[in-house]
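Here is how the chains run, residue by residue.
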Amino acid sequence: MADLFSEIEEPERNEIRALRKELEEQNYKYYVLNQPSMSDREFDEKMHRLQDLEALYPDMYDPKSPTQHVGSDLMKGPSDQVPSTKGKAFETVKHKYPMLSLANSYSREEIEDWVRKLPEGVEIVCELKFDGLSISLWYEKGVLTRALTRGDGQQGDDVIQNIKTIPSIPWRIERNDIPERFEMRGEVLLPWERFEALNKEREEQEEALFANPRNAASGTLKLQDPKEVARRGLTAYLYYMLGEELPGKTHYERLEKAKEWGFQISDAIKVCKDVDEVMAYISYWDTERKKLSVATDGIVLKVNNLAQQEELGYTAKTPRWAIAYKFPAEKQLTLLKEITYQVGRTGVVTPVANLEPVQLSGTIVQRATLHNEDFIRQLDIRPGDRVWVEKGGEIIPKIVGRADRNDEMSATPSLNDGMMYSFPDVCPECGAKLVRVEGEAAWRCPNEAGCPPQIKGKIEHFVSRKAMNIDGLGEETIDLLYRQGLLHNIADIYSLRSEDIAVQERLGEKSAQNILDGIEASKKVPWARVLFALGIRMVGETTARKIARVYNTIDNLQWATAEQLCAIEDVGPQIAENIVAYFNDMSNLEILERLRQAGLQMEGESYQPSAASHQLDGMSIVISGTFAQHSRDEYKEMIEQNGGKNTGSVSKKTSFILAGENMGPEKLKKAESLGIRLVSEEEFLEMIQ
Ligand code: IVH
């Protein structure tokens, strides 16, 4: 019998293990990388399934299970993930009160049940559930002293310098009715308008887009540059006050007080007396929230009376006195009229669904991405199908499924049926034969130099703000000049003459002069940005800067091998291959020669072979661990600039070890046995000052 049971049980035990691993990985992608690969709904469903299974198998209880702790935004990977090599930029501080999460449900019935089970006469405060990232603000004697992210719920990163850039968060409260010490919790958000502007900018710079305002806010709060944080325009709504001697007997009274003290508290908060009022609130905000300037993903219900809250208490992860109702992601069924194909700047061909227009999240959607060939095949999607289109905070609406096909419709030719219909094999823009790199889902047009959207896209990237910053040469002008045969590649920009530009329709002499001034000014743009502007695949702004620091002239870079390039921080085999391929292409070399002739900066100004000091003369220094203030490459450079030599392994000859956090155990052991000194980064910086 026992055997029979364990046989039945086994698959579920395995499912528990698999779900724990999957959810842990998702937590990491969501909180640390800001790149979730699963919808919130899918995540919640899996979490609920895991909770149910764990209840069935109590012997499998594990305090480390994702059901027992909240996701962590601290900069480290889950146990089996390679830890990040990034230095620790923020101080990690223990929360005074753990930062819990909320139980949630997508079902109105479950919410009704939750309300009905509360003791009779209990008041419920209904609030919007803001979709940003939670923050804990500590005030001492009215002064903001700490601003911690949720972290792992027990400790968080202090991001106070960034938080201080948010106008709606007071730095100082000058009133005599505030407690000596208190904590405010709330949500940091990037308003829709700011989010869209940021993504537009990133698109121009060819940087990865943020999937939604939450990810954008989270990425922004972890930046090292408060000025950039300020520029992006975060805001914050506060929804919870904690501390020892606080005013009021109810949650609502405290929020009213907080509003008086100058905190931004939402106007949408309502005290509800019964389940009907709660449900009416949910229905109202389900549609009304679309008019708000920030993202919301549900409603939070909280027991109003603080004594009653205490009585209800907490589970390991959530308060029992609160629950969240989550709005379902907005989806609509509509007719797929046609599939067309769009060619991007890098030649990737994306299938696009042309739809019968449909209203979704406040806008009319008529086009949505079908991702790639495999996606279309897996879902067996064909023109004539009715498909589900979703716009759940993502930038581009996407097709997420199709309705059952009735017999009549199945007569439409299928993409699965290779004989009748298949992904195009030639580029819809230039007719070149498409290629599909093994292991990649995308088909690409290889005709980089002759395919119009690729040509124009490369020029747009070249002139963009973070690249050569040529004012006046926008998308439309580039298109115009391209069609006139005046612009075919980035080097042509430097052959443009005033009369070429001024004769174009809509372009007068003044704007022509403006463009020419921008072109002239671009000749002073430093080498690192020129390298970024060239648009080598996957070489973004930061990577270009790192490469330019090591290869300070284009000639050096041109002869670098993939192996050598891989030694640069952030450069992996794929990027290295792309760089090598770029310099192997004759047409690129011709363009580079023309750019050189035009007078562009092809050498790094920052290259200073002379030593900054002789402080480290003759010393042999090993770098180990992760650092907070500078990257490893920067320390390497500093060692060399101050006369020292950076070596890889610890030996008798090692003068000292520049030791960061989490130094490798082997190196540590060896250093101890040889009696070699460990120098912290602070000491080191002082040393060379
Ligand atoms: S109260 C102990 N109120 O939702 C309860 N949370 O999924 C503390 N959130 O971690 C949370 N809007 O980041 C509360 N009006 C609101 C909220 C809210 C958004 C977030 C918060 C929390 C998460 C739980």
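Here the structure is a predicted model, which means the values were calculated and not measured.

Visitor: Describe the state of the cysteines, listing the residues and the values that go with them.
Guide: Inspection of every chain in the model, using the stated rule, returns 0 disulfides. With no disulfide of its own, Cys 272 lies 3.7 Å from the sulfur of Cys 126, the closest cysteine sulfur. For the unlinked cysteine Cys 445, the closest cysteine sulfur is that of Cys 430, found at 3.6 Å. Owing to a relative accessible area of 2%, Cys 445 belongs among the buried residues under this scheme.

Visitor: Give me the site of the ligand: which residues, what numbers.
Guide: By nearness alone, 14 residues border the ligand, and Glu 127, Phe 130, Glu 187, Tyr 239 and Lys 302 come closest of all. Phe 130 places a main-chain nitrogen or oxygen 3.0 Å from a nitrogen atom of the ligand. Between Glu 187 and the ligand, the recorded distance is 2.7 Å, taken from a side-chain N or O atom to an oxygen atom. Here the ligand has 530 Å² of accessible area as a free molecule, and 90% of this is covered by the chains. At the level of elements, strand S3 (124-130), strand S8 (235-242) and strand S10 (296-303) are the ones that each hand at least two residues to the shell around the ligand. Per element, the largest residue contribution to the shell around the ligand is 4 residues, and it comes from S3. Residues belonging to the shell around the ligand are distributed by class as follows: 8 nonpolar, 1 polar and 5 charged.

Visitor: An account of the environment of Glu 310 is requested, with residue identities and associated values reported.
Guide: You can see Glu 310 is positioned in helix H10 (residues 306-312). Residues Glu 310 and Arg 320, spaced 10 residues apart in sequence, show a C-alpha to C-alpha distance of 9.3 Å.

Visitor: Could you give an account of the environment of His 488, naming the residues involved and the relevant values?
Guide: Residue placement: His 488 occurs in the loop between helix H13 (475-483) and helix H14 (498-502). As a C-alpha pair, His 488 and Lys 458 span 30 residues in sequence and 9.9 Å in three-dimensional space. Excluding its chain neighbours within four sequence positions, the residues that come into contact with His 488 are Ile 455, Ile 459 and Tyr 482.

Visitor: An account of the sheet that holds strand S5 (residues 143-149) is requested, with residue identities and associated values reported.
Guide: What the 4 strands build is an open sheet, ordered S5-S4-S7-S8; its pairing is antiparallel. The sheet is open, and its two edges are formed by S5 and S8, each paired on a single side. With direction set aside, neighbouring strand axes in the sheet form an average angle of 30 degrees. Each of strand S4 (133-140) and strand S7 (181-189) touches helix H6 (residues 213-221); the most contacted strand, S4, lies at about 45 degrees to it. Across the sheet, helix H8 (residues 251-260) lies against S7 and S8, angled at about 130 degrees from S8, the strand it touches most.

Visitor: So, the pattern of salt bridges: which residues are in play, and what are the values?
Guide: Using the criterion set out here, one finds 45 salt bridges in the structure. Measuring nitrogen to oxygen at the nearest pair gives 2.8 Å for the salt bridge that ties Glu 112 to Arg 116. Note that Glu 112 and Arg 116 are positioned in helix H3 (residues 108-117) at a spacing of 4 residues, about one turn of the helix. For Lys 129, the salt bridge is made with Asp 297, and the minimal N-O distance between the two is 3.6 Å.

Visitor: Please provide a residue-by-residue account of unusual backbone geometry, values included.
Guide: One non-glycine residue, Lys 141, lies in positive phi territory at about 50 degrees. Inspection of the secondary structure assignment puts Lys 141 in the loop between S4 and S5. Using a relative accessible area of 64% as the deciding quantity, one classes Lys 141 as exposed. One non-glycine residue, His 371, lies in positive phi territory at about 65 degrees. Among the secondary structure elements, His 371 is positioned in the loop between strand S14 (363-369) and helix H11 (373-379).

Visitor: Just give me the short version of the sheet that holds S10, but keep the residues and values in it.
Guide: Spatial ordering of the open sheet is given by S2-S11-S10-S3-S9, a layout of 5 strands whose pairing is mixed. Looking at the sheet topology across the chains shown, the edges are occupied by strand S2 (104-105) and strand S9 (270-272). When S2 meets strand S11 (residues 322-326), the two strands line up parallel, connected through 2 bridges. Considered in S11, the bridge of Asn 104 is made with Ala 324.

Visitor: Provide a residue-level description of the nonpolar core, including the pertinent values.
Guide: Ranked by size, the top nonpolar core spans 51 residues in total, and within it Phe 462, Ile 493 and Leu 595 carry the most contacts. Elements with a contribution of two residues or more to this core: helix H12 (452-463), H13, helix H15 (509-521), helix H16 (527-533), helix H17 (541-550), helix H18 (554-558), helix H20 (573-584) and helix H21 (586-598). Apart from the residues lying within four places of it in its own chain, the contact partners of Phe 462 are Ala 467, Met 468, Asn 469, Ile 490, Ile 493, Tyr 494, Ala 533, Leu 595 and Leu 600. If you look at the next biggest cluster of nonpolar residues, it comprises 37 residues, including Phe 210, Val 229, Leu 234 and Ile 265.

Visitor: Any chance you could break down the side chain of Asn 304 for me, citing the residues and the numbers?
Guide: Residue placement: Asn 304 occurs in the loop between S10 and H10. Of the residues examined, Asn 304 reaches a relative accessible area of 2% and is grouped as buried. Residues within four places of Asn 304 in sequence aside, it is in contact with Glu 123, Val 125, Lys 249, Thr 250, His 251, Tyr 252, Val 271 and Gln 309.

Visitor: Can you break down H21 residue by residue, with the values?
Guide: For H21, which comprises 13 residues, the first-to-last C-alpha distance of 19 Å matches the rise-based estimate of 18 Å (1.5 Å per residue) to within 8%. Buried residues along H21 sit against H12, H18 and H20. Positioned one or two residues after H21, Gly 599 has a phi angle of 105 degrees, which is positive.

Visitor: Help me get a handle on the pairing of S5, residues and values and all.
Guide: Inspection of the sheet shows S4 paired to S5 by 6 bridges, in the antiparallel sense. Pairing of Tyr 139 across the sheet is with Leu 144, part of S5. Taken together, S4 and the strand that follows it, S5, pair antiparallel across an intervening segment of 2 residues, in which Lys 141 is found at a positive phi of about 50 degrees.

Visitor: Break down the packing of aromatic side chains for me, with residues and values.
Guide: Geometry of an aromatic ring pair is reported as the spacing of the ring centres plus the angle between the planes. Under the defined criterion, the tally for this structure stands at 17 aromatic pairs. The interplanar angle of 5 degrees and the centroid separation of 4.7 Å between the aromatic rings of Phe 130 and Tyr 237 together place this pair among those described as stacked. Of this pair, Phe 130 sits in strand S3 while Tyr 237 sits in strand S8, and the two are 107 residues apart along the sequence. You'll find Phe 130 and Tyr 237 in the same group, each marked buried. When the centroid spacing of 5.7 Å and the interplanar angle of 75 degrees are considered together, the rings of Tyr 635 and Phe 684 count as edge-to-face. One end of the pair, Tyr 635, is in helix H22 (residues 632-641); the other, Phe 684, is in helix H24 (residues 681-688), and 49 residues separate them in sequence. Using a relative accessible area of 0% as the deciding quantity, one classes Tyr 635 as buried. Taken together, the aromatic side chains of Tyr 139, Phe 182, Trp 261 and Phe 263 make up a single cluster linked through ring pairs. Of note, Arg 41 hangs over the ring of Tyr 106, and the distance from its end group to the ring centre comes to 4.3 Å. Between Lys 331 and the ring centre of Trp 388, over which it is positioned, the NZ or CZ distance is 5.3 Å.

Visitor: Would you mind going over the pairing of strand S15 (residues 386-390) in detail, with residue names and values included?
Guide: Where strand S12 (residues 331-343) meets S15, 5 bridges bridge the pair, whose relative direction is antiparallel. Note on S15: the bridge partner recorded for Lys 331 is Glu 390.

Visitor: Break down the packing of H20 against H21 for me, citing the residues and quoting the values.
Guide: The interhelical angle for the contact between H20 and H21, taken along N-to-C directions, is 75 degrees, at an axis separation of 5 Å. The angle between the axes of H20 and H21 places the two elements in the roughly perpendicular class. Every residue of H21 that contacts H20 at Tyr 582, Phe 583 and Asn 584 is listed here: Met 586, Asn 588, Leu 589 and Leu 592. For the contact of H20 with H21, the class distribution of residues is 5 nonpolar, 2 polar and no charged.

How each quantity is defined
Residues numbered from 1 in each chain as written. Predicted model: local features only at pLDDT ≥ 70, side-chain atom pairs only at ≥ 80, totals over all residues. Heavy atoms only, no water. Disulfide = S-S within 2.5 Å. Buried < 20%, exposed > 50% of the residue type's maximum accessible area, 1.4 Å probe, protein only. Near = heavy atom within 4 Å. Polar contact = N/O pair within 3.5 Å; in protein donor to acceptor, adjacent residues only side chain to side chain. Areas by Shrake-Rupley, 256 points an atom, 1.4 Å probe, with all protein chains shown as cover. Helix = DSSP H or I, 4+ residues; strand = E, 2+ residues; numbered from the N terminus. Nonpolar A, V, L, I, M, F, W, Y, C, P; charged D, E, K, R; others polar. Contact = heavy atoms within 4.5 Å. Pairing = 2+ DSSP bridges. Axes fitted to C-alpha atoms, helices over the stretch in contact; angles between N-to-C directions. Salt bridge = Lys/Arg side-chain N within 4 Å of Asp/Glu carboxyl O. Core = buried A, V, L, I, M, F, W, Y, C linked by side-chain atoms within 4.5 Å. Expected span 1.5 Å × (residues − 1). Phe/Tyr/Trp six-rings, centres within 6.5 Å; stacked < 30°, edge-to-face > 60°. Lys NZ or Arg CZ within 6 Å of the ring centre and 35° of its normal. Parallel < 35°, antiparallel > 145°, perpendicular 65-115°, else oblique.

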